[in-house]
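Single-letter residue listing:
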Amino acid sequence: MMTTAEEPIARLMRWIRQRPNSIEFWELVITDERLLCCFVGESYRSMLLRADTGERDRALVDDSALGELETLDERNVSVPLEALESIRLVDGTRLRRAALEIEWTDDPEGGSRPEGGLELYAARGADPQRERVAALADEPALEGIDVAVESRRLPFL
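No experiment lies behind these values; they were computed from the predicted model shown.

**Q** What should I look at first to understand the overall build of the protein chain in this one?
**A** Scanning the protein chain from N- to C-terminus turns up three helices and eight strands. Tracing the protein chain from N to C terminus, the helices and strands come up as β-β-β-α-α-β-β-β-β-α-β. Here the protein chain holds 157 residues, and 41% of them are scored as buried. Excluding contacts between residues fewer than 6 apart, the proportion of contacts in the protein chain whose partners are at least 24 apart in sequence is 55%. As presented, the protein chain carries roughly 9400 Å² of accessible surface, and 49% of it is formed by carbon and sulfur atoms.

Okay, structure coming up:
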C-alpha cells in the first residue's frame, strides 16, 4: 500500500495569544491533512520581559520537517482537517490588531488540543496575511471548512 506524503498548503506567521500573565507566540502550518499550531515562545507581562522571544523557535519551525512540528513543544496542537470547522481573519486597523479565529470540534479521545478553537492576534509589525487566508477558501483540501476574511465595521479605528 502506497501512502502519499503530507504536503504544506500555507503558513500563517507571527501570531500571539494573550494570556492573563503572558503573551504566547504562535506559528500555524496548514497541510493537506491537518492544521499544526506551533508554540514558539512566551513573554511575561513585566515590561522588562516583554520582548518577542519567539524568533529562535520560529526559525526552528522553518527548518523542521512537517512530521517533526507536533513534537517540538508539548503545547503544540495538531488538528485533523476533518475536525476543523472555520478559519476567520478579521482585518486590523490603526488601533486594533488583526484577529485570527480558528474553530474545531472537540477531540472525542480527550487529546491535548484546547476545546473549541484558538483566537490569535497579529504580532506587532506582522504582515496581516489577508491574501494568504483568502486563498485558503479555494484550496481543495479545505473544502467544507468555512474560510472568511472580514473587515471591521469602522476600519478607520
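**Q** Can you help me understand the pairing of strand β1 (residues 8-18) in this one?
**A** Each regular strand displays side chains that alternate between the two surfaces of the sheet. Sheet topology places β1 next to strand β2 (residues 22-31); eight bridges connect them, and they run antiparallel. What sits directly across from leucine 12, in β2, is leucine 28. Here β1 hands over to β2 after three residues, the two strands then running antiparallel side by side. Of the pairings in the sheet, the one linking β1 to strand β7 (residues 117-122) comprises two bridges and is antiparallel in character. Residue pairing in the sheet places isoleucine 16 in a bridge with tyrosine 121 of β7.

**Q** Explanation requested: the packing of aromatic side chains in the structure shown.
**A** Any two aromatic rings considered together are summarised by their centre-to-centre distance and by the angle between their planes. Counted by the stated rule, this structure contains one aromatic pair. Taken together, a centroid distance of 5.6 Å and an interplanar angle of 80 degrees make the contact between tryptophan 26 and phenylalanine 39 edge-to-face. Residue tryptophan 26 is located in strand β2, and its partner phenylalanine 39 is located in strand β3 (residues 34-44); the two are separated by 13 residues in the primary sequence. Look at tryptophan 26 and you get buried, because its relative accessible area is 2%.

**Q** Looking at this model, I keep getting lost on the sheet that holds strand β6 (residues 99-104). Mind explaining?
**A** Two pairing modes exist for strands in a sheet, parallel and antiparallel, and in both the strands are linked by backbone hydrogen bonds. Taken in spatial order, the eight strands line up as β4-β3-β2-β1-β7-β6-β5-β8 in an open sheet, and their pairing is mixed. Of all strands in the sheet, those bounded by a partner on one side alone are β4 (77-80) and β8 (146-150). Averaged over all pairs of adjacent strands, the angle between their axes in this sheet comes to 25 degrees, without regard to strand direction.

**Q** Sorry if this is basic, but what is going on with the nonpolar core here?
**A** One broad rule of soluble globular proteins: the nonpolar side chains tend to lie buried together. Trp15, Leu28, Leu35, Cys37, Leu84, Leu100 and Trp104 are the most contacted members of the largest nonpolar core, which has 40 residues in total. Sequence-distant contacts of leucine 84, defined by excluding residues within four places in its chain, comprise Leu35, Val79, Ile102, Glu103, Trp104 and Ile145.

**Q** Would you mind showing me how to read the side chain of asparagine 76 here?
**A** Examined against the element boundaries, asparagine 76 turns out to sit in the loop between α2 (66-69) and β4. Given a relative accessible area of 5%, asparagine 76 falls into the buried group. Excluding its chain neighbours within four sequence positions, the residues that come into contact with asparagine 76 are Cys37, Cys38, Phe39, Leu69 and Glu70.

**Q** Can you help me understand the side chain of aspartate 91 in this one?
**A** Tracing the chain through its elements places aspartate 91 in the loop between β5 (84-90) and β6. Among the polar contacts made by the side chain of aspartate 91, one reaches the side chain of arginine 130 at a distance of 2.4 Å. For aspartate 91, the side chain forms a polar contact with the side chain of serine 151, separated by 3.2 Å. Those residues in contact with aspartate 91, other than ones at most four positions away along the chain, are Ala98, Arg130, Val149, Glu150, Ser151 and Arg152.

Cut-off values and rules
- Residues numbered from 1 in each chain as written.
- Predicted model: local features only at pLDDT ≥ 70, side-chain atom pairs only at ≥ 80, totals over all residues.
- Heavy atoms only, no water.
- Helix = DSSP H or I, 4+ residues; strand = E, 2+ residues; numbered from the N terminus.
- Buried < 20%, exposed > 50% of the residue type's maximum accessible area, 1.4 Å probe, protein only.
- Contact = heavy atoms within 4.5 Å.
- Areas by Shrake-Rupley, 256 points an atom, 1.4 Å probe, with all protein chains shown as cover.
- Pairing = 2+ DSSP bridges.
- Phe/Tyr/Trp six-rings, centres within 6.5 Å; stacked < 30°, edge-to-face > 60°.
- Axes fitted to C-alpha atoms, helices over the stretch in contact; angles between N-to-C directions.
- Core = buried A, V, L, I, M, F, W, Y, C linked by side-chain atoms within 4.5 Å.
- Polar contact = N/O pair within 3.5 Å; in protein donor to acceptor, adjacent residues only side chain to side chain.

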